[in-house]
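Residues per chain, in single letters:
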Amino acid sequence: MSDYALRVRGLYKHFAGVQAADDVNLAVKPGEFRAIIGPNGAGKSTLFNMISGFLKPDRGQVFFADEDITGQPPYRLFRIGISRTFQITNIFGDLSVLENVQSAVLSKNRRSLAIFAQSRGAYIDECRALLHLVGLPDLERRSAAELSHGDQKRLELAVALANKPRLLLLDEPTAGMAPQERIASIRLVHQIARQLGITVIFTEHDMQVVFAVADIISVLHQGKVLVEGKPERIRDDPDVQKIYLGEQGGIAAAAARAEKKTATVA
Amino acid sequence: MIRTVAGAVLLVAVLACAPLPLSDFWIFVLVQMMDYALYAVAFNLLLGYGGMLAFGFATFFGLGAYTLGILQVRLGFDVVPAVLAAPLVASLFAAVIGYFCVRLSGIYFGMLTFAFQMLAYAVFIKSYDLAGGDDGLHGLVVPGIVGTPRGIYYVSLAIVALCLWVLARIGSSPFGLALRAQRSNVNKSLAIGINVKLEKWLAFVIASFFAGVSGALSGLATQSVFPDWLDWRASAVPIVMAILGGTQRFIGPVIGACVYVVLQTVITGMTEYWSMIMGVLIIGIVVLMPNGIVGFFRLRHE
């Protein structure tokens, strides 16, 4: 048994003229809440897409526990317990809230090709439990497109939890939210992940969000992991400060704000 | 639920009695409506549920009709096994053609299906011995009482009703939901474990199966098979019917098919420029009712 929930070894990805991943290595322990940060173009999304099977790396390997999952298609990864969300809120707008969750639960149970059964009412308790878990119990018949942005994010989380994932990948989970919603939103994820023992890897631009929940932070810069460590270490790292200079008054200020907020919440 | 059941019972009763006062001509029109309704609903499994605009869907209608025609007229099989073989042959070809087509999406998917239709057209129109070339096949023998217009009517009614019921169940199955999900959002579908290509392929095979049934029934009704059914102009027929009725409800293409057949019949009787008038009418309906006839009335209702 591997000591890691996810291990990334020597990943490379080259796009026309840009080395988007340049020997990326990561090792994430089970139950960890790992943030991946870095300026725009650092290669966060590329790394995410390679881990979740949406992009094939040029070189290198990705291990999920002991299993080499390099280059496996996304739908197979979902079945073995890896779930992801997208930077831009990504739901089935044409389906009802309940159908969104049902699609995922049916898929997990390998029922997506069942033509003789009926989907109405299928796995209804499981679906309702998921909607309850993320705080959307009364909206199941609504069209998903009609939900508020915050509720769509919750729905997206419910769908991502439908396969009882061991690893959850969140690409900018608070993008597009009002600043005051962001911390509450990531805390909800954090609390659910702790409760269910899920390992989480997330990318995030908002440093307050990062410092509020991350156990370990990996800083990506020009396709490489520049530094990695506990939040305090990252905050005080001179290289990181150099990259983030000017952004929201620097990384240290953001970290301080996050700590203050944590203190008030606690 | 009770209303739906009552409505269905009433509809079946009306349809069962309908031929009694009607002439053979109008019975034939009703049969054509039913056949086309099945054709349009099958097509809409791809367009409305799957978001796949198959320009070349007539391939499978034609394959169904030619299977019946060749087996019966040329090879002397009984009608029953020939009719049963039609959807099987159509879906068998769809399994192969679909394998290539579902790898593409949007207009490219549509054009590849169309290319296969042109291929099928070329094969049938060039082979006089087997398929009668540009004459098609005529003189299908349907024995006994079934061979009368009323007989054909009741056989078509029973088969179409059964097929529509099966298609409705498939539409509301987990498979139907996954098909709608991938139409709504492909990447999200992949992320939740749906094998999108396989879903689309299965939809393609199932839809073609029922198009094959519909083609065979049309062959029965006219006792002929026409190469026109595979002509490039034939591609528009299921598209027009589905969009006319509305693609977002199961019943939409049924309504679309009925309206299409009525318009065609009535206007053909009035003028030789029927296709021009039909074109103008269809443009009018589509502009006034962008969600189809069913979508239009649902919105007004709500």
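Predicted model, so just to flag it, every value in this text is computed and none were measured.

Draft legend 1. Geometry of the overall build of chain A. Counting its regular elements, chain A contains 10 helices and 10 strands. Computed over C-alpha atoms, the radius of gyration of chain A comes to 19 Å, within 12% of the 18 Å expected from 2.2 N^0.38 for 266 residues, which places it in the range of a compact globule. Along the first, second and third principal axes, the C-alpha atoms of chain A reach 60 × 45 × 35 Å. Within chain A, the fraction of its 266 residues that count as buried is 54%. In chain A, of all internal contacts separated by at least 6 residues, the share reaching a separation of at least 24 is 66%.

Draft legend 2. View of the overall build of chain B. The number of helices and strands found in chain B is 14 helices and 2 strands. Among the 302 residues that make up chain B, the fraction classed as buried is 52%. The long-range fraction of contacts in chain B, counting pairs at least 24 apart against all pairs at least 6 apart in sequence, stands at 77%. Accessible area of chain B: about 13,800 Å², with a carbon and sulfur share of 72%. Each charge class in chain B can be summarised by its mean position, and for the 15 positive and 11 negative side chains these summaries are 19 Å apart.

Draft legend 3. Structural context of the sheet that holds strand β9 (residues 216–221) of chain A. Residue and element names in this part refer to chain A. Spatially, 6 strands are ordered β6-β7-β8-β3-β9-β10 in an open sheet, and the strand pairing comes out mixed. The strands lining the two open edges of the sheet, one partner per strand, are β6 (82–85) and β10 (224–229). Strand after strand, the sheet turns through a mean of 15° between neighbouring axes, direction not considered. One ladder, built from 4 bridges, connects strand β3 (residues 33–37) with strand β8 (residues 199–203); its direction is parallel. When the bridges of β8 are listed, Ala 35 appears paired with Phe 202.

Draft legend 4. Quick peek at the packing of helix α8 (residues 174–184) of chain B against helix α10 (residues 196–222) of chain B. Residues and elements named next belong to chain B. Where α8 contacts α10, the two axes come as close as 10 Å, and the packing angle between them is 120°. Note that α8 runs across α10; the crossing there is left-handed. Across from Phe 175, Ala 178, Leu 179 and Gln 182 in α8, the residues of α10 making contact are Val 196, Glu 199, Lys 200, Leu 202, Ala 203 and Ile 206. The class makeup of the residues in the contact of α8 with α10 is 7 nonpolar, 1 polar and 2 charged.

Draft legend 5. Examining the sheet that holds strand β2 (residues 18–28) of chain A more closely. All names here are of chain A. In space, the 4 strands of this open sheet follow the order β2-β1-β4-β5, with antiparallel pairing throughout. Edge strands, defined here as strands with exactly one partner in the open sheet, are β2 and β5 (67–68). Pairing analysis gives 5 bridges linking strand β1 (residues 6–15) to strand β4 (residues 59–64), with the strands arranged antiparallel. When the sheet's bridge partners are listed, Arg 9 is paired in β4 with Gln 61. On the sheet, helix α1 (residues 44–51) packs against β1, β2 and β4 and is oriented at approximately 120° with respect to β1.

Draft legend 6. Main features of the interface of chain B and chain A. Listed as interface residues are 26 residues of chain B and, on the opposing side, 31 residues of chain A. Contact between chain B and chain A buries roughly 2,600 Å² in total, counting both sides, with carbon and sulfur atoms accounting for 61%. Summed over the three residues of chain B that lose the most area to chain A, namely Pro174(B), Lys188(B) and Ile192(B), the buried surface amounts to 25% of that side. For the pair chain B and chain A, the interface holds 2 salt bridges. With a closest N to O distance of 3.2 Å, Asp94(A) and Arg183(B) form a salt bridge. Scanning the region where chain B abuts chain A turns up 18 residue pairs in polar contact (both at pLDDT 80 or more).

Draft legend 7. Here's a closer look at the packing of aromatic side chains. If you walk through the whole model with that rule in mind, you get 19 aromatic pairs over all chains. With a centroid separation of 6.0 Å and an interplanar angle of 20°, the aromatic rings of Tyr39(B) and Phe57(B) are classed as stacked. Of this pair, Tyr39(B) sits in helix α2 (residues 24–49) while Phe57(B) sits in the loop between α2 and α3 (58–74), and the two are 18 residues apart along the sequence. Take Phe57(B): its relative accessible area is 1%, and that puts it in the buried class. A network of ring pairs unites the aromatic residues Tyr36(B), Tyr39(B), Phe43(B), Phe57(B), Phe60(B), Phe61(B), Phe109(B), Phe204(B), Phe226(B), Trp229(B) and Tyr260(B) as a single cluster. A cation sits over an aromatic face here: Arg7(A) above Phe63(A), 4.9 Å from the ring centre. Above the face of the Tyr12(A) ring, Arg59(A) is positioned so that its terminal group lies 4.2 Å from the ring centre.

Draft legend 8. Expanded view of the pattern of salt bridges. Residue and element names in this part refer to chain A. Within this structure, the stated rule accounts for 16 salt bridges over all chains. The residue Glu 228 makes a salt bridge to Arg 34 at a minimum N-O spacing of 3.4 Å. With Glu 228 in strand β10 and Arg 34 in strand β3, the pair connects residues that are 194 residues apart, well separated along the chain. With a relative accessible area of 28%, Glu 228 lands in the partly exposed category.

Cut-offs and rules
Residues numbered from 1 in each chain as written. Chains lettered and ligands numbered in written order. Predicted model: local features only at pLDDT ≥ 70, side-chain atom pairs only at ≥ 80, totals over all residues. Heavy atoms only, no water. Helix = DSSP H or I, 4+ residues; strand = E, 2+ residues; numbered from the N terminus. Rg over C-alpha atoms; globule rule 2.2 N^0.38 Å. Buried < 20%, exposed > 50% of the residue type's maximum accessible area, 1.4 Å probe, protein only. Contact = heavy atoms within 4.5 Å. Areas by Shrake-Rupley, 256 points an atom, 1.4 Å probe, with all protein chains shown as cover. Lys, Arg positive; Asp, Glu negative; His and termini not counted. Charge placed at Lys NZ, Arg CZ, Asp CG, Glu CD. Pairing = 2+ DSSP bridges. Axes fitted to C-alpha atoms, helices over the stretch in contact; angles between N-to-C directions. Left-handed = near helix turned anticlockwise from the far one by under 90°. Nonpolar A, V, L, I, M, F, W, Y, C, P; charged D, E, K, R; others polar. Buried area = accessible area lost by both parts, 1.4 Å probe. Salt bridge = Lys/Arg side-chain N within 4 Å of Asp/Glu carboxyl O. Polar contact = N/O pair within 3.5 Å; in protein donor to acceptor, adjacent residues only side chain to side chain. Phe/Tyr/Trp six-rings, centres within 6.5 Å; stacked < 30°, edge-to-face > 60°. Lys NZ or Arg CZ within 6 Å of the ring centre and 35° of its normal.

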